[in-house]
Amino acid sequence: MLDERHRRLAMNKKSNPTYAAPALEKGLDIIVTNTLYDALIAPHAQSHAVFLTLDDGSRITYAAFVARVAQLAHVLRDAGVKPGDRVVVQTPKLLDTIALYGAALQAGAVYLPLNTAYTKSELTYFIEDATPALIVCDAKDETEVLDASKTKALVLTLAADGSGSLSSEGDKKPTSFKTVPRGPDDLAALLYTSGTTGRSKGAMLSHRNLLSNAVSLTKLWQITADDRLVHALPIFHTHGLFVAMNTSLLAGAEVRFMADFDVDKIIAEIPVSTLLMGVPTFYTRLLGDQRLTESLVEKMRLFVSGSAPLLAETHKAFEDRTGHRILERYGMTETNMITSNPYDGERLAGSVGYALPGTEVEITDGGTPVAPGEVGMIEVRGDNVFRGYWNMPEKTAEELRDNGFFITGDLGIKSDDGRISIVGRQKDLIISGGYNIYPKEIEDVINDIDGVVESAVFGVPNADFGESVLAAVVCENQCLSGQEIATQIEPKLARFKHPRRYILTDALPRNTMGKVQKNVLRDAHRDEEIA
Ligand code: MCA
Ligand code: AMP
């Protein structure tokens with residue numbers, strides 16, 4: 001149960017009535033032209049409440065945001081973007097980036113955000129796979145992007161200072177736009193997630209997937225127009241874009257929209273905010289700052305953590321310091337959020353809580369549910385579960401059962417009362433600072449280097465990022481140094497995927513079946529301090 005202090009804080013919210021967006025009341029049953037646009041954006045057209053506060057202090061009202069979305073929807077349509085077309089967006093986190101998400105919805109397009117750290121080589125793959133009609137990139141990357149797109153898609157720019165062809169074109173357009181009809185099962189977004197096979201897969205997310213999850217989370221976490229969210233996550237992933245922004249839009253909440261993560265900025269905003277959503281690294285970094293105290297967080301209502309396991313020691317240290325029990329939840333790109341610890345109830349360290357309303361979670365052995373308390377594969381079914389992988393029907397069939405259950409690759413336990421704990425992963429995956437890194441993708445790049453015989457990429461514990469990437473590499477006659485390998489992978493992989501160290505070795509440890517034993521490598525190197 002929440003302690004008395006939390007209860008008082010929860011009751012102490014301003015008297016502003018809860019924002020009653022029709023979709024929050026009626027879910028997908030609302031009769032609409034365009035499911036997500038009509039639920040998240042249209043209701044705010046006349047609202048002069050503040051939606052975004054930016055780093056320079058400027059405040060964007062909801063009405064101004066709706067108008068900007070319309071201007072950018074005109075830009076998309078005039079650029080030839082038709083309903084169902086993909087719009088690739090690899091830009092800094094700006095007002096126009098989030099307005100572009102709204103514009104893609106209003107124009108009936110499919111929003112495809114990309115990590116700004118991706119290299120040209122990674123970008124080329126996404127462009128070839130998704131065949132977008134339009135790419136919006138940072139002005140500084142325009143030449144590279146034009147090269148990567150081989151002129152098949154139109155390219156517009158948005159620079160870190162907000163300038164560029166997207167914004168200048170947008171400024172000239174009308175502030176209203178006739179919304180393109182889109183139903184619940186039309187695609188709203190395509191989000192790439194790497195895989196154990198090494199090739200990234202585009203998860204097709206429908207309007208239903210995104211709206212149903214936003215409605216569940218908004219209700220469960222009691223997000224209202226009284227809330228002010230400290231938003232320091234990137235907006236090219238599910239967490240920062242859908243979990244944080246869709247719930248805020250649905251509730252009509254205010255968002256302190258930070259261009260990046262910065263402890264000083266967060267500490268400055270916490271006293272005038274009510275909500276923070278972050279990956280565990282946010283919380284360990286905040287705990288590293290002595291300004292984080294119980295009085296600093298007096299107005300805060302809720303701290304949410306996800307995308308990576310939150311250590312029990314972080315959970316406890318945060319409660320000891322602030323009096324708040326962090327609410328941990330669990331999700332995936334393919335499924336949106338799956339489970340959450342309760343808002344009014346026991347938020348247990350080491351557990352990701354209960355299945356969200358409308359979402360079924362089974363713990364299985366080969367598809368057959370196991371008894372409570374037994375370890376098995378976490379499988380998920382519900383409106384939140386994606387529509388399959390773009391252009392990959394075989395991959396979809398491998399992971400999405402005919403009965404609608406999606407096989408997560410995470411291993412878990414369900415208690416008698418339905419509480420889920422994640423106990424491991426069947427997939428070979430490293431999560432560093434909330435970013436997923438698939439060893440196979442890195443091994444493929446290292447193995448392609450002349451002189452490399454084979455490699456094994458694995459994760460070791462890291463106090464800041466949770467896990468760090470290391471690589472054990474076997475070279476012909478030890479002909480390469482770690483630095484030479486690092487130089488060769490530089491143009492091919494985003495920096496956050498780069499191994500922090502290369503262990504040059506004569507042979508990889510293998511079991512009797514010949515399989516590389518990554519656990520042996522992990523154990524041998526787990527106590528090394530990785531910067
Ligand atoms: C940055 N670097 C990293 C990471 N982030 N290295 C490993 N892992 C990382 N996560 C590297 C950069 O490449 C750079 O390397 C150096 O660190 C400094 O970069 P900088 O940008 O200054 O880092 P930072 O600002 O300190 O970023 C740390 C961060 C960030 C704030 C924790 O990684 C972050 O925002 N993470 C959140 C990711 C997220 O949103 N995940 C949700 C995915 P060099 O010096 O060598 O150049 S959605 C999801 O997982 C599911 C659906 C879910 O459940 O939510
Ligand atoms: P992705 O789909 O790439 O964003 O990453 C999803 C994966 O992140 C899941 O399959 C989990 O392995 C992991 N994940 C997300 N939230 C949590 C959490 N609260 N605890 C542990 N792992 C998590």
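In short, a report on the structure. (Residues numbered from 1 in each chain as written. Chains lettered and ligands numbered in written order. Predicted model: local features only at pLDDT ≥ 70, side-chain atom pairs only at ≥ 80, totals over all residues. Heavy atoms only, no water.)

### Considering the site of ligand 1
In plain terms, the rule: Whether a residue is near a molecule or strand depends on its heavy atoms: if one lies within 4 Å, it is near. Whenever two N or O atoms come within 3.5 Å, that pair is a polar contact, provided that in protein one can donate a hydrogen and the other can accept it, and provided that, for residues adjacent in sequence, both atoms are side-chain atoms. The Shrake-Rupley method, run with a 1.4 Å probe sphere, supplies the accessible areas, and residue values consider only the shown protein chains as cover. The helix and strand labels rest on DSSP assignments: H or I over at least four residues marks a helix, E over at least two residues marks a strand, and numbering proceeds from the N terminus. Under the scheme applied, nonpolar residues are Ala, Val, Leu, Ile, Met, Phe, Trp, Tyr, Cys and Pro; charged residues are Asp, Glu, Lys and Arg; polar residues are all the others, including Gly.
Surrounding ligand 1, one finds 24 residues, the nearest of these being Arg 285, Ser 307, Arg 329, Ser 432 and Arg 495. Residue Gly 433 places a main-chain N or O atom 2.9 Å away from a nitrogen atom belonging to ligand 1. The contact in question runs from an oxygen atom of ligand 1 to an N or O atom on the side chain of Arg 495, over 2.6 Å. For ligand 1, whose free accessible area comes to 1000 Å², the fraction covered by protein is 74%. For the shell around ligand 1, the elements supplying multiple residues, two or more each, are helix 10 (238–251), helix 12 (280–287) and strand 13 (327–332). Looking at the shell around ligand 1 residue by residue, the class counts come to ten nonpolar, ten polar and four charged.

### Let's talk about the packing of aromatic side chains
Note the cut-off: Stacked, edge-to-face and tilted labels apply to pairs of Phe, Tyr and Trp rings (six-membered ring for Trp) whose centres lie within 6.5 Å, assigned for plane angles under 30 degrees, over 60, and everything in between, in that order. In our convention, an over-ring charge means Lys NZ or Arg CZ found within 6 Å of a ring centre and within 35 degrees of that ring's normal.
Evaluation of the coordinates by the stated rule reveals 16 aromatic pairs. Between the aromatic rings of Phe 236 and Tyr 435, the centroid separation amounts to 6.4 Å while the plane-to-plane angle is 20°, which identifies the pairing as stacked. With a gap of 199 residues between them, Phe 236 in the loop between strand 9 (228–231) and helix 10 and Tyr 435 in strand 22 (residues 435–437) connect regions that are remote in the sequence. The ring centre of Phe 257 lies 5.0 Å from the NZ or CZ of Lys 93, which sits over that ring. Note that Arg 347 overlies the ring of Tyr 343, its terminal NZ or CZ placed 5.4 Å from the centroid.

### A short note on the site of ligand 2
Neighbouring ligand 2 are 18 residues; Arg 329, Thr 333, Asp 410, Lys 427 and Asn 436 lie closest to it. Interatomic distance of 3.2 Å between a backbone N/O atom of Ser 307 and a nitrogen atom of ligand 2. One nitrogen or oxygen atom from the side chain of Lys 427 is found 2.6 Å from an oxygen atom belonging to ligand 2. For the shell around ligand 2, the secondary structure elements donating two or more residues are strand 13 and strand 20 (420–425).

### Describing the side chain of His 231
For clarity, the cut-off: Here's how the labels work: a residue is buried when its accessible area is under 20% of the maximum for its type, exposed when over 50%, partly exposed in between, all with a 1.4 Å probe on protein chains only. In this analysis, two residues are considered to be in contact whenever any of their non-hydrogen atoms come within 4.5 Å of each other.
In this fold, His 231 is placed in strand 9. A relative accessible area of 1% means that His 231 is categorised as buried. At a separation of 2.8 Å, a polar atom in the side chain of His 231 contacts the main-chain carbonyl oxygen of Gly 240. The residues touching His 231, leaving out its near neighbours within four places in the chain, are Lys 93, Gly 240, Ala 244, Met 245, Val 255, Arg 256, Phe 257 and Met 258.

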